[in-house]
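Structural overview
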Amino acid sequence: MTGLIVFAHGSRVESANQSVRKLTHQVRQMNEYLVSCAFLELGQPDLSQAVRELAQHGVTRIIVVPYFLTLGIHLRRDLPQMVDELRTAHPAIDFEVTEPLDGHPGLLTAVLDR
């Protein structure tokens, strides 16, 4: 079974975190994966909590989708370190991390729609 985690930075502005949760809910409704969100900081759940929750549901694969526009320091340094620690803590789970949103063809459409 596959789980998907929408991984966002997190914000002191709770409505911003709630927006990520809303998107996560919409993704959950549109596919067969178990879906959760996680925040680097300033929001709950954090990545390890989201992984534990999915692990309790029996997932054997987790895809982490960074809800970031570009490949900055958090995605170059922080997220790989976190995922390495999670791989050690959950050896039965295969982890995959996708690219950030930058470069996705749908992003151009979204910008033009705005």
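Refer to the structure printed above.
In short, a report on the structure. (Residues numbered from 1 in each chain as written. Predicted model: local features only at pLDDT ≥ 70, side-chain atom pairs only at ≥ 80, totals over all residues. Heavy atoms only, no water.)

In this section: the packing of aromatic side chains. Tallying each qualifying case throughout the model produces 1 aromatic pair. Their ring planes at 25° and their centres at 6.0 Å tell us that Phe7 and Phe68 sit as a pair that is stacked. On the criterion of sequence distance, the pair formed by Phe7 in strand S1 (residues 2-8) and Phe68 in the loop between strand S3 (61-66) and helix H3 (73-89) is long-range, its members being 61 residues apart. Each member of the pair, Phe7 together with Phe68, is buried. (Phe/Tyr/Trp six-rings, centres within 6.5 Å; stacked < 30°, edge-to-face > 60°. Helix = DSSP H or I, 4+ residues; strand = E, 2+ residues; numbered from the N terminus. Buried < 20%, exposed > 50% of the residue type's maximum accessible area, 1.4 Å probe, protein only.)

Before going further, it helps to spend a moment on the pattern of salt bridges. For the coordinates displayed, the defined rule picks out 4 salt bridges. The salt bridge involving Arg61 is made with Glu96; its shortest N-O contact spans 2.7 Å. Of this pair, Arg61 sits in strand S3 while Glu96 sits in strand S4 (residues 94-97), and the two are 35 residues apart along the sequence. On the basis of relative accessibility, which here comes to 34%, the residue Glu96 falls in the partly exposed class. (Salt bridge = Lys/Arg side-chain N within 4 Å of Asp/Glu carboxyl O.)

Strand residues, when the strand is regular, have side chains that alternate between the two faces of the sheet. Taking burial as the measure, the 6 residues of strand S2 (residues 34-39) include 5 buried ones, the bulk of the element. Here 6 bridges tie S1 to S2, and the two strands are oriented parallel to one another. By the bridge assignment for S2, Phe7 is matched with Ala38. Handedness of the crossover joining S1 and S2 through helix H1 (residues 14-30): right-handed. (Pairing = 2+ DSSP bridges. Right-handed = clockwise from strand over helix to strand, strands pointing away.)

Below, the discussion takes up the sheet that holds S3. Taken together, 4 strands build an open sheet; the order of strands is S2-S1-S3-S4 and the sheet is parallel. The open sheet has two edge strands with one neighbour each: S2 and S4. Going across the sheet, the axis of each strand differs from the next one's by a mean of 20°, ignoring polarity. Across 4 bridges, S3 lies against S4 in parallel orientation. Bridging from a neighbouring strand, Ile62 pairs with Phe95 of S4. Sitting on the sheet, H1 is in contact with S1 and S2, with an inclination near 165° to S2. In this fold H3 packs onto S1, S3 and S4, with an angle of close to 170° to the strand it touches most, S4. (Axes fitted to C-alpha atoms, helices over the stretch in contact; angles between N-to-C directions. Contact = heavy atoms within 4.5 Å.)

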